[in-house]
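Chain and residue survey
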Amino acid sequence: MKAIAKNNIFKIMVLLICVALFLTGCATVSDVKDKYGNKITFDDIQYFEGQVAVIGDYLYYANSYTSSSEDGFDYDTASSTGYLSRINLSSISYNYTADEDGYVNPSPNGTEKVNDRFVGFENQYMFALGEYLYFTSVNTHRTTGLENDYSQVSLFRVKFNGDKFDEIETFRYDENSIITAQKGDDGNYYYIVYCPADSEGTSYNLYSIKIGSKIGDPTLLAEGVTSVAICDEDSQFRNVLFTTDAENEYYETTAIKEVNFATGEVNNYSNGLETLGSTTTFMGRFGDIVVYSYNSNITPQSIFYKDLASGDKLFNGGNEFYPSHSNITLYGKAGDGYLFLSETSGSLMYKPTLGMNSTEEEGYVDPTPIALLTSGSFSDILFVDGDYVYYSNSTSISRISVRDRVEQQLVSMTSIVSGECGYDGNYIYFYAQLEEQESGDEEEDSDSTDTATDENYYLYRVNKTGYLQLLSKVEKPE
């Protein structure tokens, strides 16, 4: 009888453990809670420039960075160090005690692996919504010829504790592609994806996917799209404007349309009143200000802007943004103006105001764009925060004020991944190689000192005073 009783107790314990595992799912780390002990959840998207996400006290990030476009990219090698990780920012500490080989590991204490998926690459788009972390990874589905196509991008989400890991969808991706998430006019959030329709990239499609408590199916919004102007968090009109070829047998003309990405409803934005023979290309959108390239039989090619709240729906070159016969790359609003790269000069330009509409009494502002940085001063623009533009090259991160044009270098290192970062308002998160450090037996002759090399790019953070910290887990070199 005692044996039967013990056996029943054992079965009950096993059952309780199974129930506990069922309730907790496949969590790899603990839940993230607020100061009151409640699980953290977000009603709106929390975005930190794409490479990282801050959830409560925790930072979520790729432990290392590898470009998937480089020759010889190997997913298994990249994922062995570039997995999804996290660290508690409120209690960062280090142990600088040397081991028996004299090696001092520079890693912070307490890093945790959240998921094995490779996330540290150039097309990362990471944010938090609800109780999920959304992120991208390279495609690992093989082609019909059993070949790897790492140029495609897959969308994933996982709960903050590592539970409920799901793949959402995979899309073709190139230098013109856009992946963003925006709120629709129904109050729900949607992925909006602008991507090649075929492997040659000769045509582009526009898709949306509802996200949140449930994931919707991908919706094809438009085909044959040539450019897009997607709403952002400051837009009153929750839509996507896009251009396509008009159906006109006599003149090649660009048609301008809009789509409600929440409903999929498509309308002719200009009511079919485009100037015959005109060419329109959207360059970017800030709130409801759309910047576009335009030319027609009567208007020479130039860069113009339009306020969607102005009433009419015509893109006919009414307000000049920048006189140019080449393209520009827009980066965002800075101070009271707009920031863009002139492809003609390679300089970073600043347009202090849109139009000449201020009076002498108010203080006239000249709208003529000025050169803020010359082409040799930077490789990439990281982001804009207030009056400051943050930029990088392969060895440094700096910022410049659009008000007084004073430059400030925040960090200088041997090798930095330029153009990829995160930003939480205080710290800039970026990938760089470890600074070279000597290792080996101190009693050896100084001429034969060993140098341990690690070619991985690990995550660091730096604040606006230059205080630098390593955040990734570093494996001891073999």
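The rules behind these values
- Residues numbered from 1 in each chain as written.
- Predicted model: local features only at pLDDT ≥ 70, side-chain atom pairs only at ≥ 80, totals over all residues.
- Heavy atoms only, no water.
- Helix = DSSP H or I, 4+ residues; strand = E, 2+ residues; numbered from the N terminus.
- Buried < 20%, exposed > 50% of the residue type's maximum accessible area, 1.4 Å probe, protein only.
- Phe/Tyr/Trp six-rings, centres within 6.5 Å; stacked < 30°, edge-to-face > 60°.
- Lys NZ or Arg CZ within 6 Å of the ring centre and 35° of its normal.

1. Focus on unusual backbone geometry
Of note, the phi angle at Lys 164 is positive, near 55 degrees, even though the residue is not glycine. Mapping Lys 164 onto the fold places it in the loop between β9 (153-159) and β10 (166-171). Given a relative accessible area of 45%, Lys 164 falls into the partly exposed group. The phi dihedral of Asn 271 is positive, around 60 degrees, even though this residue is not glycine. Assignment of secondary structure puts Asn 271 in the loop between β17 (266-268) and β18 (279-286). Judged by relative accessible area, which is 56%, Asn 271 ranks as exposed.

2. Considering the packing of aromatic side chains
According to the stated counting rule, one finds 34 aromatic pairs in the structure shown. With 5.0 Å between their ring centres and 80 degrees between their planes, Phe 73 and Tyr 150 make a pair best called edge-to-face. On the criterion of sequence distance, the pair formed by Phe 73 in the loop between β4 (64-65) and α2 (75-81) and Tyr 150 in the loop between β8 (132-138) and β9 is long-range, its members being 77 residues apart. Each of the two residues, Phe 73 as well as Tyr 150, counts as buried. Taking the centre distance of 6.0 Å and the plane angle of 85 degrees together, the rings of Tyr 75 and Phe 118 count as edge-to-face. Residue Tyr 75 is located in helix α2, and its partner Phe 118 is located in strand β6 (residues 112-118); the two are separated by 43 residues in the primary sequence. On the basis of relative accessibility, which here comes to 0%, the residue Phe 118 falls in the buried class. Feature note: the residues Tyr 47, Tyr 125, Phe 127, Tyr 132, Tyr 134 and Tyr 191 constitute an aromatic cluster, connected by ring pairs. Across the ring face of Tyr 83, the terminal group of Lys 113 is positioned such that the distance to the ring centre comes to 4.4 Å. The ring of Tyr 132 is capped by Arg 157, whose NZ or CZ atom sits 3.7 Å from the centre of that ring.

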